[in-house]
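Results of the structural survey
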Amino acid sequence: MGRSADRLSLVLLFTPFALWIGLLIVLPQLGIGYVSLREKVGVNEFTFGFGNYAAFFEEPIYRNTLLRTAWISILVTALALIMGFPVAYYIAKIAKERSRAGLFLMCLIPLWVSDLVRAYGWILLLRETGVISTTLVSLGIISGPVEMLYNDVTVIIGLVYTVILFMIVPLVSTLQGMDDALLEAGYNLGGSRLTVFRRIIVPYAMPGIVAGCIITFMLTAGSYLTPILLGGKNSSWFTEQIYTQFITRYNWEMGSTFGVLLLIFTSLVVWLGLRLTGQSLATTVAKE
Amino acid sequence: MNDLSCERVTKKFGHFTAVSEVSLDVPSGAFFSILGPSGCGKTTLMRMIAGFETPSSGDIRIKGESVLGLPPNRRNVKMVFQHLALFPMMNVGENIAYGLRCRGDARSGIAEKVARVLDRVGLPGVEEKRIEQLSGGQKQRIAIARCMVLEPDVLLLDEPLGALDLKLREHMKIELKQLQHQFETTFLYITHDQSEALVMSDQVAVMNAGRFEQIGSPRELYDRPVSGFVAGFVGDANCIPGKIAEIRSGEARVELPQGGEVIGKLCDGSRTGDDVEVFLRPEALRLGAGGAGQSLEGTVDSLLFNGANSRILMRAGTGQLLEVAIPAEAPAIAEGDAATVNWRPDHALVFARRAG
């Protein structure tokens, strides 16, 4: 009786998870994979093959868009890490117990506003008739209004702003687990600030760094709103290509191919990143 | 020459004085302990010596040179932390090599030095082990090896035995003492456990509320405490409160609140009529009747068996509970028996009553 009750509770607890994974993640992915292998030869006539994939590799603009997306995503991840680490370190180690929760909350507050609204916030600031441009003109620093939207720098700023929180949260939680005595021992045994940072703080924070980097990279590479709104037509973001194939061109086969390629390619980048830094998921993200 | 000297070192945090005008001299090669209850300022003092805190006033000298201007990483004092603070992301060998690499030792010599120090602490060949694979006692020895490989002028130990279980703690006490002999380095040991301090140290400073109450050898502290705090904190003692009725040639006759009196040696400047406490060591009490003011009658409340350290818990007729050491050839005694204890007046120490 006890065992069947155990089994029942396991089934009940596991079912929502299995349904969610199965219906919303595995099944659509299988569908996308299936569609991506379909080639249209006439009205409602299809053959199967790797033609769509071949088309992707034959067309430089597709390849370049994917490479460009990956490259900017890596840059955004690196910037988020460089800017997020001091913030996380301050919150976890330097701030007083009382102000810690408040500071953490201040990092979270932007999340309460939707991506769309936040992107429009940047547009208000940066457009030709926006706050910054008009202020600079009225102060006489520049002679005429300047358009600051629709370039790569703006896209990168917007993306870093959107994803940095997902870097800070895992970093704060790993750094909070670090005993201050480790740092003091590091100094006591003769280490300079740089040595302590390089040999003690960074290795200790590695699980958080890896987790944060994977999350931010995946979020950035898969983001749509921010690059489109801030980068406009120039953004050449890969998700935009997928959107175009599905919605504008009504070419679901090609769109699915792009979707699969984006997943494979970003996974490959994460794997490569782990290999290059000598980390593995088991010793970092899955630790403890 | 003294390896470590502190001169009137004071540390204030706002209005709170954590360490007040502390002076000490630790001769080369000594095992020096600072003994005090938690919150007495001993950790703050050690952190000032290591350089993690700056004294509000006073001077700290290592090998005769003031180190106040030196940051922690430039001072040749190494520290064994309370929870050891071994680096979990490095293996044993890397932990020990860390300090050598910070110092800029040649790569070729490091492995040899690491092997040698591991040998000296009795753990040869564990370089490749991860920290979490070690037992508590082994971690302790690695933490000491990590400091000793740098040949410090002074090794600071901040209650390193606190986290160990009792059996291992007893064992490590002896081992620490042996290691200190072997390395011939000055040890400054901080503890709240009086038995650790007494067993291991050449010199002990008893600290209370930011001040040193007394500095001396363990035997001096035990036999000739200078204050009620030291008498009560170092070793076991029965403490009997009372009021001085009469002082005659260095001996005070103390009246107990529920009647009866005790004669003891007056050890400070208390005068007739002052509230005092009489300290009697369990082993200074003998079973049997004694002269007036040198004995108390009562009944055996319970027997506390602890091998060679067994005690009788006796309730005196005047209400006090007294611990009495049972001598080796003790007569058979049972709970509820009537008993009388006596003592020599110079074994009963009379001090002014402590506040609180």
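As shown above, the structure is provided for reference.
For clarity, every value in this text was computed on a predicted model and none was experimentally measured. (Residues numbered from 1 in each chain as written. Chains lettered and ligands numbered in written order. Predicted model: local features only at pLDDT ≥ 70, side-chain atom pairs only at ≥ 80, totals over all residues. Heavy atoms only, no water.)

**With respect to the packing of aromatic side chains**
- Taken as a whole and judged by the stated rule, the model has 20 aromatic pairs over all chains.
- Plain terms: the ring middles of Phe31(B) and Phe187(B) are 5.5 Å apart, the flat faces sit at 40° to each other, and that makes the pair tilted. Taken as a pair, Phe31(B) in strand E3 (residues 31–35) and Phe187(B) in strand E8 (residues 186–191) lie far apart in primary sequence, 156 residues in all. For the residue pair Phe31(B) and Phe187(B), the accessibility class agrees, reading buried in each case.
- Members of the aromatic cluster, each reached through a chain of ring pairs, are Phe56(A), Phe57(A), Tyr62(A), Phe238(A) and Phe258(A).
- Over the face of the ring belonging to Phe87(B) we find Arg146(B), whose NZ or CZ atom lies 4.6 Å from the ring centre.
- Against the face of Tyr222(B) rests Arg281(B), its NZ or CZ located 3.9 Å from the ring centre. (Phe/Tyr/Trp six-rings, centres within 6.5 Å; stacked < 30°, edge-to-face > 60°. Helix = DSSP H or I, 4+ residues; strand = E, 2+ residues; numbered from the N terminus. Buried < 20%, exposed > 50% of the residue type's maximum accessible area, 1.4 Å probe, protein only. Lys NZ or Arg CZ within 6 Å of the ring centre and 35° of its normal.)

**Describing the sheet that holds strand E4 (residues 57–62) of chain B**
Residue and element names in this part refer to chain B.
- Spatial strand order, E2-E1-E4-E5: four strands in an open sheet with antiparallel pairing. The sheet terminates laterally at strand E2 (16–27) and strand E5 (65–66), the two strands that pair on one side only.
- Direction of pairing for strand E1 (residues 2–13) relative to E2: antiparallel, over a ladder of eight bridges. Note that in E2 the partner of Lys 11 across the bridge is Val 19. (Pairing = 2+ DSSP bridges.)

**Let's talk about the side chain of Ser133(A)**
Residue and element names in this part refer to chain A.
- Mapped onto the elements, Ser 133 comes out in helix H6 (residues 131–138).
- Residue classification places Ser 133 among the buried residues on the basis of a relative accessible area of 0%.
- Those residues in contact with Ser 133 that lie beyond four places of it in its chain are Leu 125, Arg 127, Glu 128, Ile 142, Pro 145, Val 146 and Met 148. (Contact = heavy atoms within 4.5 Å.)

**Topic: the state of the cysteines**
All names here are of chain B.
- Counted according to the given criterion, the structure contains zero disulfides over all chains.
- As a non-bridged cysteine, Cys 267 has Cys 239 as the owner of its nearest cysteine sulfur, 13 Å distant.
- Cys 267 sits in the partly exposed class, given a relative accessible area of 26%. (Disulfide = S-S within 2.5 Å.)

**Some details on the pairing of strand E16 (residues 295–304) of chain B**
Residue and element names in this part refer to chain B.
- Pairing between E16 and strand E19 (residues 338–342): five bridges, direction antiparallel. Paired with Gly 298 across the two strands is Ala 339, which belongs to E19.
- Linking two consecutive strands that pair antiparallel, namely E16 and strand E17 (residues 311–316), is a turn of six residues; a positive phi of about 60° is found at Gly 307 within it.

**Let's talk about the interface of chain B and chain A**
- Taken residue by residue, the interface counts 23 residues in chain B and 17 residues in chain A.
- A buried area of about 1,700 Å², summed over both sides, lies between chain B and chain A, and 63% of it is on carbon and sulfur atoms.
- The largest per-residue losses of area from chain B upon contact with chain A belong to Asn73(B), Met89(B) and Tyr98(B), which jointly make up 33% of the total buried on that side.
- Taken together, the links from chain B to chain A amount to one salt bridge.
- Here Arg47(B) ties to Glu184(A) by a salt bridge, and the two come within 2.8 Å at their closest N and O atoms.
- Across the contact surface, chain B and chain A share six residue pairs in polar contact (both at pLDDT 80 or more).
- Taken together, the elements giving at least two residues each to the side of chain B that touches chain A come down to helix H1 (42–50), strand E6 (77–80), helix H2 (92–103) and helix H4 (136–148) of chain B.
- The biggest single contributor to the side of chain B that touches chain A is H2(B), with five residues.
- Split into classes, the residues belonging to the side of chain B that touches chain A amount to 16 nonpolar, two polar and five charged. (Buried area = accessible area lost by both parts, 1.4 Å probe. Salt bridge = Lys/Arg side-chain N within 4 Å of Asp/Glu carboxyl O. Polar contact = N/O pair within 3.5 Å; in protein donor to acceptor, adjacent residues only side chain to side chain. Nonpolar A, V, L, I, M, F, W, Y, C, P; charged D, E, K, R; others polar.)

**Topic: unusual backbone geometry**
- Here the phi dihedral of Tyr150(A) falls at roughly 60°; this positive angle occurs in a residue that is not glycine.
- Inspection of the secondary structure assignment puts Tyr150(A) in the loop between H6 and helix H7 (152–176).
- Note on Tyr150(A): relative accessible area 39%, which makes it partly exposed.
- Residue Ala85(B) is not a glycine yet carries a positive backbone phi of 55°.
- The topology assignment puts Ala85(B) in the loop between E6 and H2.
- Overall, Ala85(B) belongs to the buried group, its relative accessible area being 5%.

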